[in-house]
Amino acid sequence: MIIKSVQNQIFKEAFNLQDKKFRDNHGLFVVEGKKQIDEIPKDWNIKQIFISEKYQNNVANSKNIIALSERLFNKLATTQSPQGILAVVKKKQYNITEVLRNAGPFVILENIQDPGNLGTIIRSADAFATKAVFVSKGSADTYSDKTVRATMGSIFHLPVIDNINMKDMLSLLKEKKFTIFATSLKGKKYLNDIKIPNKSAFIIGNEANGVTNETGNLADEFIKIYMPGKSESLNAAVAASIIMYEATRK
């Protein structure tokens, strides 16, 4: 059977996942494209897979797979050139105490506004074996289509914990004896000159304003990236990637 009506309840529920409030209330999000769906591990819960009418010959029959008319599938997809397949996935819940049993390094994102930056940082965290990414309240939505797409599947490879309270998170890290570094152009030490302990966490601040004063006051040390060129600053995702590479290398 192919669903063709926008009034169909299954379609309507999936379509509503374009709204952040609906995603949060139901603990679900959408993953588009075969490559990203193939990245979903077996211990994640895929609630439904939607395919377009033209894509039917590419998949085996399953009660979990729902076919939509081309018109409805294009309404559901958010990419300009949909591939014909997307999945509705259950968000994974992580226990912060369990996550912090890892030595680190961790990345903590404060008020990152651009979903592309957020997704790219998660992708880099995966590449450089960062143990987890913590995303503050007020940041871009971790589970928006743009963020998930920018992760290129990495959102499934490491704990990403969003909606955190910065003060509570940093207090917990201090309690667990982590060294907390905050990135800032005001930092007196360069990243490549510091010793990075195993139990470390790095705060990346807002694209325009950096780390807030309140958060900075809770950090153990301010650091900056050595930049001998004429540019005054780096894109948040680029800066985070360099920091994670250096933390892993050391």
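Details of the structure are given in the entry above.
Everything numeric here is computed off the predicted structure, so don't read it as measured data. Along each chain, residues carry numbers from 1 onward, in the same order as the chain's sequence is written. Reporting in this predicted model follows two pLDDT cut-offs: at least 70 for local features of residues, and 80 or more for side-chain atom pairs to be given and counted; totals over whole chains, interfaces and linings ignore these cut-offs and use all residues. Each side-chain value is derived from all of the structure's non-hydrogen atoms; neither hydrogens nor water enter the calculation.

1. A short note on the layout of surface pockets
Empty pockets left among the atoms are what a rolling probe the size of a water molecule brings to light. Here the largest pocket defines a volume of roughly 620 Å³. Only protein atoms enter the 1 Å grid, on which a cavity is a set of points fitting a 1.4 Å probe that cannot get out and a pocket is an open set with protein on both sides within 12 Å along at least 5 of 7 lines, lining residues being those with an atom within 4 Å of a point. Taken together, 27 residues line the largest pocket, and the ones lying closest to its centre are Thr183, Ser184, Leu185, Gly210 and Val211. Helix and strand assignments come from DSSP, with helices taken as H or I runs of at least 4 residues and strands as E runs of at least 2, each series counted from the N terminus. Those elements that provide at least two residues to the lining of the largest pocket are helix H9 (213-216), strand E12 (221-224) and helix H10 (236-249). Grid points are joined across faces, edges and corners, and a volume is the space filled by probe spheres set on the points.

2. Quick word on helix H6 (residues 115-127)
In this analysis, the expected span of each helix is defined as 1.5 Å times one less than the number of residues it contains. Taking 1.5 Å per residue, 13 residues should reach 18 Å; H6 reaches 18 Å between its end C-alpha atoms and fits that length. All buried positions along H6 are accounted for by Pro115, Asn117, Leu118, Gly119, Ile121, Ile122, Ser124 and Ala125. The contact criterion used throughout is that any non-hydrogen atoms of two residues lie within 4.5 Å. Looking at the buried residues of H6, the elements they touch are strand E6 (106-109), strand E7 (132-136), helix H7 (145-151), strand E8 (160-164) and H10. Counting of polar contacts relies on pairs of N or O atoms within 3.5 Å, with two restrictions inside protein: one atom must be capable of donating a hydrogen and the other of accepting it, and residues adjacent in sequence are counted only when both atoms are side-chain atoms. The backbone nitrogen of Gly116 lies 2.9 Å from a side-chain oxygen of the residue at the head of H6, namely Asp114. Looking one or two places after H6, you find Ala129, whose phi comes out positive at around 60°. Burial here depends on accessible area, computed with a 1.4 Å probe over protein chains only, as a share of the maximum for the residue type. Under 20% is buried, over 50% is exposed, and the range in between is partly exposed.

3. Some points on empty space enclosed by the protein
Considering all chains together, one arrives at one cavity of 30 Å³ or more under this definition. In this structure, the largest cavity occupies an estimated 60 Å³ of space. Taken together, Val30, Val31, Glu32, Gln36, Thr78, Asp145, Val148 and Arg149 make up the lining of the largest cavity.

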